[in-house]
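If you want the building blocks of each chain, they are given just below.
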Amino acid sequence: MKQAEFKDELFNVVNSRKDSLQKELLEWAKKNLRQFPWRENRTPYSVLIAEVLLKRTTASAVLRIYKEFISLYPNIETLAKADRNKLEKMLLTIGYHKRRADILIDIAKHVVNKYNGEIPKTKEELLEIPHIGHYTANAILSLGYGIPSAMVDSNVDRVIKRLFMNHLPKKPSMHVIQKIADNLAPKENNQFYNLALLDFGALVCRYGIPKCKSCPLSKFCDYYLAGKPCG
Ligand code: SF4
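Residues numbered from 1 in each chain as written. Predicted model: local features only at pLDDT ≥ 70, side-chain atom pairs only at ≥ 80, totals over all residues. Heavy atoms only, no water.

**Overview of the overall build of the protein**
Reasoning step 1: Of the regular secondary structure elements, the protein holds twelve helices and zero strands.
Reasoning step 2: When the helices and strands of the protein are listed from N to C terminus, the series reads α-α-α-α-α-α-α-α-α-α-α-α.
Reasoning step 3: Projected onto the principal axes, the alpha-carbon positions of the protein cover approximately 55 × 35 × 30 Å.
Reasoning step 4: The burial tally for the protein puts 49% of its 231 residues in the buried class.
Reasoning step 5: Of the contacts made within the protein by residues no fewer than 6 positions apart, 62% connect residues no fewer than 24 positions apart.
Reasoning step 6: When the accessible surface of the protein is summed, it comes to about 12200 Å², and 52% of that surface belongs to carbon and sulfur atoms.
Reasoning step 7: Taken together, the 37 basic and 24 acidic charged side chains of the protein have centroids lying 6 Å from each other. (Helix = DSSP H or I, 4+ residues; strand = E, 2+ residues; numbered from the N terminus. Buried < 20%, exposed > 50% of the residue type's maximum accessible area, 1.4 Å probe, protein only. Contact = heavy atoms within 4.5 Å. Areas by Shrake-Rupley, 256 points an atom, 1.4 Å probe, with all protein chains shown as cover. Lys, Arg positive; Asp, Glu negative; His and termini not counted. Charge placed at Lys NZ, Arg CZ, Asp CG, Glu CD.)

**A closer look at the side chain of R17**
Reasoning step 1: Turning to its location among the elements, R17 is positioned in helix α1 (residues 3–32).
Reasoning step 2: Take R17: its relative accessible area is 13%, and that puts it in the buried class.
Reasoning step 3: At a separation of 2.8 Å, a polar atom in the side chain of R17 contacts the main-chain carbonyl oxygen of L163.
Reasoning step 4: Excluding its chain neighbours within four sequence positions, the residues that come into contact with R17 are L163, F164, H167, F220 and D222. (Polar contact = N/O pair within 3.5 Å; in protein donor to acceptor, adjacent residues only side chain to side chain.)

**A closer look at the packing of aromatic side chains**
Reasoning step 1: This model, assessed by the stated rule, comprises four aromatic pairs.
Reasoning step 2: Consider the rings of W38 and Y66, whose centres lie 5.5 Å apart with planes at 70°: the pair is edge-to-face. With W38 in the loop between α1 and α2 (44–54) and Y66 in helix α3 (residues 59–72), this residue pair connects regions lying 28 residues apart in the sequence. Exposure class is identical for W38 and Y66. Each is buried.
Reasoning step 3: Ring geometry for F69 versus Y73: centroids 5.1 Å apart, planes at 55°, classification tilted. This pair shows no difference in class: F69 is buried, exactly as Y73 is.
Reasoning step 4: For the cation-ring pair, R162 lies above Y223, with the distance from its terminal atom to the ring centre recorded as 5.2 Å. (Phe/Tyr/Trp six-rings, centres within 6.5 Å; stacked < 30°, edge-to-face > 60°. Lys NZ or Arg CZ within 6 Å of the ring centre and 35° of its normal.)

Pasting the structure below:
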């Protein structure tokens, strides 16, 4: 099949399932969304910090330091001036402490020097900040600024690949997965939808054997309908 035909067919399928997927997912999230301190009173800064802290570690590890972190470094200016040893010591408990301290200070200095301490509001500018990729940029836009954007982490990537398995190549590019996510994400309720999809990927369509038997999306899911292993 030619590239253009593959994409036409894929996006016809995505669009045909979109409304039902959104509806079922949002219903599921009303009862199952996880509560974390970084999901409360969100600002672009708190979203950015949470995303850097959550990389390559678990939410339960970040829970141990998040509140103390925000109280010691309540804004980007205080973080840009942080004492590196003190910062590394705090990060020790969540791993990659030296690298994470470098990343946090690099980002903070860049935002202070280039944007006068205001985290930018456009994807292009966010992507120019060192260490910020598409996922973190979209998280800041959606969760921090309320600008509709589709967040694709490894959980969301897996959900999309399973849902549309029959219509995707064996190794779909990140670009194609992001396009599907962009297509599925609603403009209204965008923040709640993003959190719902992240949690759904972590809790139901999880790594390993997914919980298809209790999944509200199973009736639209290529993986489930193909009879693949599920719990
Ligand atoms: Fe994931 Fe299974 Fe649900 Fe499909 S049916 S979305 S594979 S949990």
